[in-house]
Amino acid sequence: MRSRLRKGVLGAITAAAVALSPLAIASPAGAQGPGHGPGHGPGPGQGHGPKDAVDKLVKAVSGKNVKKHLKAFQAIASANDNTRVSGTRGFDASRDYVAGKLRHAGYDVTIQPFEFTFEGYITPPVLQKTDGTPKSYTYGFFSDYVAMVDSPAGGVTGTVQNVDLVLPPGEPNSSTSGCEAADFAGFTAGNIALMQRGTCNFRVKVDNAMAAGASGAIVFNEGQEGRTEVDLNPTLGGPGVTIPSFFASFAVGQELAAAGSTVKMNWDPIVETRTTYNVIAQSRKGDPDNVVMLGAHLDSVQEGPGINDNGSGSAGTLEVALQMAKIKPKNQLRFAFWGAEEFGLLGSQHYVDTLTPEQRDKITLYLNFDMIGSPNYTFGIYDGDGDAFGTAGPPGSDVIEEDFEKFFAKRGQPFTATAFTGRSDYGPFIAVGIPSGGLFTGAEVRKTEEEAAIFGGTAGIPLDPCYHSSCDTIKNINDKALDVNSDAIATLAGRYAFDTGTIGTTPPAPAARSGAAEAHTHGPAVSAS
């Protein structure tokens, strides 16, 4: 799940959305099946052949089989510096695994290369407490620390010097640590400045530290409820900083504030042009003027193997594709595994940008699956009609949302809405008017008490506590969420393989297709940036 869109509405899955959905706490009694209701056209449930095919498909797509793909992704990451980030061998091996499976199943597979700007690090970051018993801290969101955006490269070892800290913390956003040059009175040049988040921005603190002769800067979260973890993208706001600068959790800062602390810091960033890839698989049968498309991003962040984000969506989509290779669809099927999502939806944007208007028009709908096995999950469905969050997808997205709701209702599973913010790879599709939908079990947003009462799990912690961190391993998957969501993918993919109802616009005869591209242009254009 893309990190560079963390500000604003962060795909929050809220209790309010649960309350807004009339089917939010569904039970099997009286629930409609996954077929469309009256006025939506005939569904597979109304035809013996298609219904049997969909039922068999759902039975074949087991969580156990999906988990096998996740184990393969984990093995790939373990053999490649614990990452599957785009532009590295770990991603390329993931690409080859997926493409090989799809080719063997009989799909026409295209490997689509594109260049992108890789922003990461050459050697793993280091923050280590070196006095007493040495202790190494873990890099990544919801871990111990991250490098601030725009921090320069640097490696230093030195004494930690506290700068106007307030421990225990006072009121939220009250600390003035490092905000004034006077805070550094008596600062020893060459020491590492330890400062506390508070009333001024990070750049002010670091600039003052540089002026005082600090060799490095560590700013830690302030310490009040909701201000303890590494849960944001701290930025220095541009170039000009000359010392390595980290942002740390409150627990780390409090530990380093002890008298006599010494630390080792190392930050070795890299920014360069690299090549990565999309994997596109297309069925050899089905109407090529009515394409049902499913996608998931294949890349992880550099900090970890990305087994939930987004091995889970990739594995679920892959297993559905492999099982669907055994059916004869009425509509053509297309499965996409995107590269460089974590750098800004680059793979899906590149793909959409390369399509002609006529090619775009043939895509009847797009389904996106990004993080479907979060350990502290909710069952989130993209808010296609905009009722919960006020931002609807293109016409037809409401039908997709309704169909997912019917699936969960029939299963007796609660569900909630998640916002259509353009945060994942559906963004470029809805921006050009293609009806879209999908599932999301949650990332960095903390579970509410009401959500815990409805879905289980633990209130007050993130839906995925290992989001964008090294602990996003095979152990970071909720098997129930993975299994139920994989069945949901299979149900809708199977249904739409035979009938898309009122989703999109049925293309006219070839002689009249000149204006068909306009069919997907109404509805809000949601920016992917």
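This write-up is about the structure you can find in this document.

**A look at the packing of aromatic side chains**
Right, so step 1: Throughout the structure, instances matching the rule amount to 27 aromatic pairs.
Right, so step 2: With 5.1 Å between their ring centres and 35° between their planes, Tyr-145 and Phe-246 make a pair best called tilted. Linking Tyr-145 in strand β4 (residues 145-147) with Phe-246 in strand β8 (residues 245-248), this pair joins segments that are 101 residues apart in sequence. Taken individually, Tyr-145 and Phe-246 each receive the classification buried, so the pair is uniform in this respect.
Right, so step 3: Through a chain of ring-to-ring contacts, three or more aromatic side chains come together here, namely Tyr-377, Phe-379, Phe-407, Phe-408, Phe-415 and Phe-455.
Right, so step 4: It is Lys-447 that lies over the ring of Tyr-377; its NZ or CZ is 5.7 Å from the centre.

**Comments concerning the pattern of salt bridges**
Right, so step 1: The final tally for this structure, using the stated rule, is 18 salt bridges.
Right, so step 2: For Arg-446, the salt bridge is made with Glu-229, and the minimal N-O distance between the two is 3.2 Å. In this pair, Arg-446 sits in the loop between β16 (436-440) and α12 (449-455) while Glu-229 sits in the loop between β7 (216-220) and β8, placing the two residues 217 residues apart along the sequence.
Right, so step 3: According to the relative accessible area criterion, Glu-229 is partly exposed, its value standing at 24%.
Right, so step 4: For the salt bridge of Arg-423 with Glu-444, the shortest nitrogen-to-oxygen distance reads 3.1 Å. On the criterion of sequence distance, the pair formed by Arg-423 in the loop between β15 (416-418) and α11 (427-431) and Glu-444 in the loop between β16 and α12 is long-range, its members being 21 residues apart.
Right, so step 5: The exposure class of Arg-423 is buried, given its relative accessible area of 3%.
Right, so step 6: Salt bridges linked by common partners bring Asp-92, Arg-95 and Asp-96 together as one network.

**Some points on the side chain of Asn-208**
Right, so step 1: Along the chain, Asn-208 falls in helix α5 (residues 202-211).
Right, so step 2: Judged by relative accessible area, Asn-208 falls into the buried class, the value being 17%.
Right, so step 3: Other than its neighbours up to four places away in sequence, Asn-208 contacts Gly-178, Cys-179, Glu-180, Ala-181 and Phe-184.

Thresholds applied
- Residues numbered from 1 in each chain as written.
- Predicted model: local features only at pLDDT ≥ 70, side-chain atom pairs only at ≥ 80, totals over all residues.
- Heavy atoms only, no water.
- Phe/Tyr/Trp six-rings, centres within 6.5 Å; stacked < 30°, edge-to-face > 60°.
- Helix = DSSP H or I, 4+ residues; strand = E, 2+ residues; numbered from the N terminus.
- Buried < 20%, exposed > 50% of the residue type's maximum accessible area, 1.4 Å probe, protein only.
- Lys NZ or Arg CZ within 6 Å of the ring centre and 35° of its normal.
- Salt bridge = Lys/Arg side-chain N within 4 Å of Asp/Glu carboxyl O.
- Contact = heavy atoms within 4.5 Å.

Treat this as a map of the structure, not an account of what it does.
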